Amino acid sequence: MGSSLNKPELLKGGKRLDGRGFDELRPLRIEAGVLKNANGSAYLEWGNNKVLAAVYGPREAMPKHVSDPTKGIVKCRYMMAPFSGIDDHGRSGPNRRSTEISKVAREAFENVILLNDYPSGMIEIFMEVLQSDGGTRAAGITAASVALANAGIHMKDMVYSVSAGRIGEHIVLDVNMIEDNYSDADMPMVIAPRNNDILLLQMDGGLDRAQFDQAVKMVLEAGKRIHAEQKRALEAYYGSAEKG
């Protein structure tokens, strides 16, 4: 988050700079099955974010020494394309941030994939951010969950992710880039919606208990809309496949 020096105003006339209310999601659209060579895939547009997710597997774990004869393993890679935004993503290869997001995404998916169904197997998840405007980890995880379902991977639940933040005393949903950089708090979460289990919660900044409770409530309410769009994307894909 940004310094208080030269900090821009993030609220004008009781609205956010992009015109949204405090509890309003950016426009969200997901398309499943967009890559022919992947076992499962999804393309997501969320506000100005554009993300491609691909899943390969289950297949034999390679190299052999990483395999587990009792269950499958998950490999996860989150990357931002060099042309994805105004920040410095120009160098090739993962940086510390992409490595960290890859790790927490993998841990979230390990909690819902039925790994015992895939002994000695490997499931690879790729999230590629083509255009970024804040909230890209949430967008990547939400897209990857659809790609896993599209690949037919056995899961207890199809997770979603979204962040809540704080601007002054106001809790806001689905922070964009400028809000992420200059807000007083940012809290991305990953939720398994069947029981509203929290699989990931990260915090940048501070919330008191009442603000935290409000943020979680806001995320869970928004999750109904996000999860509905995930299901719509899969239904559209399989509906068109049946017609074809």
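Residues numbered from 1 in each chain as written. Predicted model: local features only at pLDDT ≥ 70, side-chain atom pairs only at ≥ 80, totals over all residues. Heavy atoms only, no water.

Draft legend 1. Broad picture of the packing of helix α1 (residues 96-110) against helix α2 (residues 136-150). For the pair α1 and α2, interaxial distance at closest approach is 11 Å and the crossing angle is 40°. With respect to α2, the element α1 is oriented oblique. Both α1 and α2 take part in a crossing whose hand is right-handed. Packed against α1, whose contacting residues are Arg97, Glu100, Ile101, Ala105 and Phe109, the element α2 presents Thr136, Arg137, Ile141, Ala144, Ser145 and Leu148 at the interface. (Axes fitted to C-alpha atoms, helices over the stretch in contact; angles between N-to-C directions. Helix = DSSP H or I, 4+ residues; strand = E, 2+ residues; numbered from the N terminus. Parallel < 35°, antiparallel > 145°, perpendicular 65-115°, else oblique. Left-handed = near helix turned anticlockwise from the far one by under 90°. Contact = heavy atoms within 4.5 Å.)

Draft legend 2. Molecular detail of the packing of aromatic side chains. Inspection of the entire model under this criterion finds 2 aromatic pairs. Seen in terms of ring centroids, tyrosine 56 and phenylalanine 126 are 5.8 Å apart; in terms of plane orientation they differ by 80°. Their pairing is edge-to-face. Pair noted here: tyrosine 56 is in strand β5 (residues 49-60) and phenylalanine 126 is in strand β7 (residues 121-131), with a separation of 70 residues, a long-range link. (Phe/Tyr/Trp six-rings, centres within 6.5 Å; stacked < 30°, edge-to-face > 60°.)

Draft legend 3. Inspection of the pattern of salt bridges at higher detail. Overall, the coordinates contain 17 salt bridges when judged by the stated rule. A salt bridge links glutamate 124 to arginine 59, with the shortest nitrogen-to-oxygen separation between them at 2.2 Å. Of this pair, glutamate 124 sits in strand β7 while arginine 59 sits in strand β5, and the two are 65 residues apart along the sequence. Using a relative accessible area of 14% as the deciding quantity, one classes glutamate 124 as buried. Residue arginine 59 is classed as partly exposed on the basis of its relative accessible area of 40%. Where glutamate 60 meets lysine 64, a salt bridge forms, and the shortest distance between an N and an O atom there is 2.3 Å. Of the residues examined, glutamate 60 reaches a relative accessible area of 48% and is grouped as partly exposed. Through salt bridges with shared partners, one network takes in Arg16, Asp18, Arg20, Arg26, Asp133, Asp174 and Glu179. (Salt bridge = Lys/Arg side-chain N within 4 Å of Asp/Glu carboxyl O. Buried < 20%, exposed > 50% of the residue type's maximum accessible area, 1.4 Å probe, protein only.)

Draft legend 4. Spotlight on α1. In a regular helix each residue adds 1.5 Å, so 15 residues correspond to 21 Å; α1 covers 21 Å between its end C-alpha atoms and thus fits that length. Turning to α1, its buried residues are Ser98, Ile101, Ser102, Val104, Ala105, Ala108 and Phe109. Structurally, α1 contributes buried residues whose contacts are with β6 (73-80), β7, α2, β10 (185-192) and β11 (197-201). Residue asparagine 95 occupies the N-cap position of α1, its side-chain oxygen lying 3.2 Å from the main-chain nitrogen of arginine 97. (Expected span 1.5 Å × (residues − 1). Polar contact = N/O pair within 3.5 Å; in protein donor to acceptor, adjacent residues only side chain to side chain.)

Draft legend 5. Region of interest: unusual backbone geometry. In the segment running from glycine 57 into proline 58, the intervening peptide bond is cis, with an omega of 5°. By the element assignment, proline 58 lies in strand β5. Residues methionine 62 and proline 63 are joined by a peptide bond in cis, for which omega reads -5°. Assignment of secondary structure puts proline 63 in the loop between β5 and β6. Although it is not a glycine, serine 120 adopts a positive phi angle of roughly 60°.

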